[in-house]
Amino acid sequence: MFHPLRVRAIERITDDAVAVTFAVPAELRETFRHTPGQHLNVRYTVDGEEIRRSYSICAPAAEAPAEPVLRVGIRMVDGGAFSTYALKELAVGDEVQAMAPMGRFVLRPRPGLFAAVVGGSGITPVLSIAATLLSREPLARFCLIRSDRTAASTMFLDEVADLKDRYPDRFQLVTALSREEQSAGLPSGRLDRERLTGLLPALLPVADVDGWFLCGPFGLVRGAESALRALGVERTRIHQEIFHVDDGSAAPATARVASPSDSTLTATLHGRSGSWPVKDAESLLETVLRSRSDAPYACKGGVCGTCRAFLVSGEVRMDRNFALEPEETGAGFVLACQSHPLTPEVELDFDR
Ligand code: FES
């Protein structure tokens, strides 16, 4: 369900990125209280076309009864309708529609050692995670390894520097720039699997890390995951969120299998059920959206996880999945925007 929020502040944080803060009315405070790492799905109409995007919340999580700070980082994406709009036209006082914060790439503050490998705008949710953790949990430590193209394109430089000043003994920062040399930090170059496999054990006791948070472009996240697995880290300690999937480099979509031509989808959404025929080649999300405009989605690309639904019966194939963990698919969850029926009858439950 969407709620109207007004833009309270817009700050330019790099040449191609802004931080946008939304005002939260008193009656929506609990609705918009986020767990560090979650994102906000926003909806806006540009030139008559409805645009939906998900943006991670960068602000630390506020504890009740304080007003939640809904500040998101938005980087200009080539051809990205909302990011272009946000950077060029969005103004203080404008209204956008937003869903309550969601997402499972989260860390609730607890004692321990945590680490993150992030690239580009992947810093956004991790900034909220690290800032909340360090301020609320005196027995927690955090190591941030970040990769950016250049210093000028690095988002939230000041906020990260502030963490270093505030928590010198508990916050470790390692930066790598892929396209320029820096006076401190790592030599320039990308953080790929080979480099991380050698680097991580030199930076911190890998086996003692209680949780790893990987966030950014597909190549960096998959490379970091592969390095950690090679270093013996259990998969259950690795949390990941992919921000951009470059279709040329991403894992191939599953081979296309013909769907039965007369499949019927039954779906439950917000307590109401309906059944509809699935049209040729459309995803199950599109089938639902034809009759139920309240079906949840943001990216329609298998990345954000907003369209997650429980497969009650029948079988589906997913074109691609960059959002659900193996435990979730194993438990029966699918991404509706990527799912196509393999059986004449399929039933989804969006409420679980
Ligand atoms: S809408 Fe983003 S994964 Fe389906």
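Look up: the structure comes first, before these words.
A quick note: this is a predicted structure, and the numbers were derived from the prediction, not measured.

Engineer: Now, about the overall build of the protein: what can you tell me, with residues and values included?
Structural biologist: When you go through the protein residue by residue, the secondary structure sums to 7 helices and 18 strands. Here the C-alpha radius of gyration of the protein, 21 Å, is about what a compact globule of 352 residues would show, namely 20 Å. Overall, the protein is about 60 × 50 × 35 Å in size when its C-alpha atoms are taken along their principal axes. Going through the 352 residues of the protein one by one, you find that 53% of them count as buried. Restricting to contacts in the protein with at least 6 residues of sequence separation, those with at least 24 account for 67%. When the 39 positive and 46 negative side-chain charges of the protein are each reduced to one mean point, those points stand 1 Å apart.

Engineer: Describe in detail the packing of helix α4 (residues 193-203) against helix α5 (residues 218-230), supporting the description with residues and values.
Structural biologist: Packing of α4 against α5 brings their axes to within 8 Å, and their N-to-C directions diverge by 45°. Taken together, the axes of α4 and α5 are oblique relative to one another. The handedness of the crossing between α4 and α5 is right-handed. Along the contact surface, α4 presents Arg193, Leu196, Thr197 and Leu200, while α5 presents Gly223, Ala224, Ser226, Ala227, Leu228 and Ala230.

Engineer: Explain unusual backbone geometry to me, using residue names and the numbers behind them.
Structural biologist: It is generally the case that most residues other than glycine have a negative phi and that most peptide bonds are trans. With omega at 5°, the peptide bond leading from alanine 64 into proline 65 counts as cis. Its location among the elements puts proline 65 in the loop between β4 (49-56) and β5 (70-75). Even without being glycine, lysine 300 reaches a positive phi, approximately 55°. For lysine 300, the position within the fold is in the loop between α6 (284-291) and β14 (308-313). Overall, lysine 300 belongs to the partly exposed group, its relative accessible area being 42%.

Engineer: An account of the sheet that holds strand β11 (residues 238-244) is needed here, citing residue identities and associated values.
Structural biologist: Taken in spatial order, the 5 strands of this open sheet run β9-β8-β7-β10-β11, and their pairing is parallel. Each edge of the open sheet carries a strand with a single partner, namely β9 (171-177) and β11. When the angles between neighbouring strand axes are averaged without regard to direction, this sheet yields 10°. Sheet contacts for helix α2 (residues 123-136): β7 (112-119), β8 (140-148), β9, β10 (211-217) and β11; angle to β8, the most-contacted strand, approximately 160°. Contacting β7, β8, β10 and β11, α5 crosses the sheet at an angle of about 150° to β10.

Engineer: So what about the pattern of salt bridges? Which residues, and what values?
Structural biologist: What the rule picks out here adds up to 20 salt bridges. The residue glutamate 95 makes a salt bridge to arginine 6 at a minimum N-O spacing of 3.4 Å. Of this pair, glutamate 95 sits in strand β6 (residues 95-99) while arginine 6 is found in strand β1 (residues 2-14), placing the two residues 89 residues apart along the sequence. Notably, a salt bridge pairs arginine 71 with glutamate 159, separated by 3.2 Å at the nearest N-O pair. Taken together, the residues arginine 71 in strand β5 and glutamate 159 in helix α3 (residues 157-166) connect sequence positions 88 residues apart.

Criteria and thresholds
Residues numbered from 1 in each chain as written. Predicted model: local features only at pLDDT ≥ 70, side-chain atom pairs only at ≥ 80, totals over all residues. Heavy atoms only, no water. Helix = DSSP H or I, 4+ residues; strand = E, 2+ residues; numbered from the N terminus. Rg over C-alpha atoms; globule rule 2.2 N^0.38 Å. Buried < 20%, exposed > 50% of the residue type's maximum accessible area, 1.4 Å probe, protein only. Contact = heavy atoms within 4.5 Å. Lys, Arg positive; Asp, Glu negative; His and termini not counted. Charge placed at Lys NZ, Arg CZ, Asp CG, Glu CD. Axes fitted to C-alpha atoms, helices over the stretch in contact; angles between N-to-C directions. Parallel < 35°, antiparallel > 145°, perpendicular 65-115°, else oblique. Left-handed = near helix turned anticlockwise from the far one by under 90°. Pairing = 2+ DSSP bridges. Salt bridge = Lys/Arg side-chain N within 4 Å of Asp/Glu carboxyl O.

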